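Each chain, letter by letter, is given below.
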Amino acid sequence: RVETTDTGAANTFRVYIYNADPTAASGVVGADNEAFSNKRNGLVGTLIGEAFAMSDGTVIFATPEIADTPIICTPESGTSVLYWQLQTVDGFTPIAESTWTITLELEQGV
């Protein structure tokens, strides 16, 4: 689930999940508000979801982009850290200073 204080986010969004910092070693090729272009290092899966704009913000319920396929990964070595990046699929300009928060539901293996 992705939540934001932005009330105008009524689009389709893709969430990229990484087990390594996608911004390290010049991993982000495009700058903010440019076409999305990242290196593949650490990418473990993607989620896709529609935004539901409410009077006090927006919520996006995202599911694995490949239907019925769980994203299986190991966090960054020696940590419990995963990284994420959000991409708007069909064009959107966020409100300045809006807050974006992601909540992942995870199942821990043994």
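These figures come from a predicted structure and were not determined experimentally.

Reading guide: rules and limits
Residues numbered from 1 in each chain as written. Predicted model: local features only at pLDDT ≥ 70, side-chain atom pairs only at ≥ 80, totals over all residues. Heavy atoms only, no water. Helix = DSSP H or I, 4+ residues; strand = E, 2+ residues; numbered from the N terminus. Buried < 20%, exposed > 50% of the residue type's maximum accessible area, 1.4 Å probe, protein only. Pairing = 2+ DSSP bridges. Axes fitted to C-alpha atoms, helices over the stretch in contact; angles between N-to-C directions. Polar contact = N/O pair within 3.5 Å; in protein donor to acceptor, adjacent residues only side chain to side chain. Contact = heavy atoms within 4.5 Å.

Student: How should the environment of Thr 74 be read in this particular structure?
Tutor: Here Thr 74 shows up in the loop between strand S4 (57-64) and strand S5 (83-88). Thr 74 gets classed as exposed once you look at its relative accessible area, which sits at 57%. Considering only alpha carbons, one finds Thr 74 and Ala 20, 54 residues apart in sequence, at a separation of 9.9 Å.

Student: When you look at the sheet that holds strand S6 (residues 100-102) in this model, what are you seeing that I'm missing?
Tutor: Note: strands within a sheet are paired through backbone hydrogen bonds, in either parallel or antiparallel orientation. Taken in spatial order, the six strands make up an open sheet running S5-S2-S3-S4-S1-S6, and their pairing is antiparallel. Across the chains shown, the open sheet's two edge strands, defined by having one partner strand only, are S5 and S6. On average, adjacent strands in this sheet sit at an angle of 25 degrees to one another, irrespective of strand direction. With three bridges connecting them, strand S1 (residues 2-4) and S6 associate as antiparallel partners. Note on S6: the bridge partner recorded for Glu 3 is Thr 101.

Student: What's the story with the side chain of Thr 58 in this structure? I'm lost.
Tutor: Looking at where Thr 58 falls in the secondary structure, it is placed in strand S4. A polar side-chain atom of Thr 58 sits 2.6 Å from the main-chain carbonyl oxygen of Asp 6. Once residues lying within four places of it in the same chain are set aside, the contact partners of Thr 58 are Val 2, Glu 3, Thr 4, Asp 6, Thr 7, Gly 8, Ala 9, Ala 51, Phe 52 and Ala 53.

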